[in-house]
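One letter stands for each residue in the lines below.
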Amino acid sequence: MSGPMDRRGEETRPVRPSPRGLAGLMVLPRSLAFLALVIASLVVLSPLTPFLVLPRRVVLAISLRVLRFWLFLLHHVAGLSFRVRGLEHLEGIGPCMVAAKHQSAFETLALQVILTDPAIVLKRELTLIPVAGWTMARLRHIAIDRRAGAAALMNLVRDAKARLAEGRSLVIFPEGTRSAPLSPPDYKPGVVALYRALKVPCIPVALNSGVFWPRRDLRRFPGTITIEFLPPIPPGLAGDRFRSELEGAIETRSTALALEALRQD
């Protein structure tokens, strides 16, 4: 029987831990409990949505507390924690472009906490989600309409420059969507165009979140996700060289981190 197909139509093998015994039986119930608590927290917070008109710094402070609470639940309910490596590569850089591997929803939560107040590039549909999406819009993340073609890239560059001028770093997922661990990379040209337009250092980020938080799966497998910030790529490189260095750095380390996680299983 064939395995699942990736977004290029190529067969891939599921990459995930295989806990045994009681630990394996409890993965789904613990995952559903985590999801239920997150949804419940959004329901509890929904009457407070009028307070999104408060100053952005107030909304940011509240949002960070909610995100930390969700990560607390992820650890203590689902048994999934995380560690961060390479933070020294952010020292003295200032506002920059952070290009991260994207394997799950986890990094969209964790990077906001790790970086404190980044501007995340996300698809416009996410800002329409009640409470969470409205908050993302109020925090002035960068929402793009993928159907807008060239205009979407122009708007992205304009908004990214504005966020950098505010002293915020930019987080972009170069593949544009989640990818399974160890699957072939599919980097979009937008990340190169953005790098050339912004003229700031780019920090690659490797991770292995998809091993524990698979795409299109309710299960959150217990373990420790690793997020690793890599040495910065300086501004001013030719587009082809930048793309080669970015993809090489992210994919090499993300593959190593995925294999490291699986060896620990």
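Residues numbered from 1 in each chain as written. Predicted model: local features only at pLDDT ≥ 70, side-chain atom pairs only at ≥ 80, totals over all residues. Heavy atoms only, no water.

Some words on the overall build of the chain
Across its full length, the chain holds 9 helices and 7 strands. Since a compact globule built from 265 residues should have a radius of gyration of about 18 Å, the 18 Å found for the chain is in line with a globular shape. Its C-alpha atoms give the chain principal-axis dimensions of roughly 55 × 45 × 35 Å. Evaluated residue by residue, the chain yields a buried proportion of 45% over its 265 residues. Long-range pairs, those at least 24 residues apart, make up 78% of the contacts in the chain between residues at least 6 apart in sequence. (Helix = DSSP H or I, 4+ residues; strand = E, 2+ residues; numbered from the N terminus. Rg over C-alpha atoms; globule rule 2.2 N^0.38 Å. Buried < 20%, exposed > 50% of the residue type's maximum accessible area, 1.4 Å probe, protein only. Contact = heavy atoms within 4.5 Å.)

Let's talk about the environment of Cys 96
Inspection of the secondary structure puts Cys 96 in the loop between strand 1 (80-85) and strand 2 (97-100). Considering only alpha carbons, one finds Cys 96 and Leu 122, 26 residues apart in sequence, at a separation of 17 Å. Setting aside residues no more than four positions away along its own chain, Cys 96 makes contact with Leu 164, Ser 169, Leu 170, Val 200, Pro 201 and Ile 203.

A look at a positive patch on the surface
There is a patch of like positive charges on the surface, built from Lys 123, Arg 146, Arg 178 and Arg 216. Assignment of secondary structure puts Arg 216 in the loop between helix 8 (209-212) and strand 7 (223-229). (Patch = residues over 30% accessible without salt bridge, like charges linked within 9 Å, V, L, I, M, F, W, Y side chains within 5 Å. Areas by Shrake-Rupley, 256 points an atom, 1.4 Å probe, with all protein chains shown as cover. Salt bridge = Lys/Arg side-chain N within 4 Å of Asp/Glu carboxyl O. Lys, Arg positive; Asp, Glu negative; His and termini not counted. Charge placed at Lys NZ, Arg CZ, Asp CG, Glu CD.)

A few points about the pattern of salt bridges
Overall, the coordinates contain 15 salt bridges when judged by the stated rule. Close ionic contact of Arg 168 with Glu 166 constitutes a salt bridge, the shortest N to O distance being 3.8 Å. Residue class for Arg 168 comes out buried when judged on its relative accessible area of 3%. A residue is classified by how much of its surface remains accessible, and Glu 166, at 39% relative accessible area, is partly exposed. A salt bridge links Arg 219 to Asp 217; the nearest nitrogen and oxygen atoms lie 2.9 Å apart. On the basis of relative accessible area, Arg 219 is assigned to the partly exposed category, the value being 28%. Relative accessible area serves as the criterion here: at 17%, Asp 217 is assigned to the buried category.

A look at the environment of Ala 36
Within the secondary structure layout, Ala 36 lies in helix 2 (residues 27-45). A sequence separation of 76 residues divides Ala 36 from Gln 112, and the C-alpha atoms of the two residues are 22 Å apart.

A few points about the packing of helix 3 (residues 56-76) against helix 4 (residues 106-115)
Orientation of helix 3 relative to helix 4, taken along the N-to-C sense of each, is 125 degrees, at an axis distance of 9 Å. Considering the angle they form, helix 3 stands oblique to helix 4. Crossing handedness for the pair helix 3 and helix 4: left-handed. Across from Leu 64, Leu 67, Arg 68, Trp 70, Leu 71 and Leu 74 in helix 3, the residues of helix 4 making contact are Phe 106, Leu 109, Ala 110, Gln 112 and Val 113. (Axes fitted to C-alpha atoms, helices over the stretch in contact; angles between N-to-C directions. Parallel < 35°, antiparallel > 145°, perpendicular 65-115°, else oblique. Left-handed = near helix turned anticlockwise from the far one by under 90°.)

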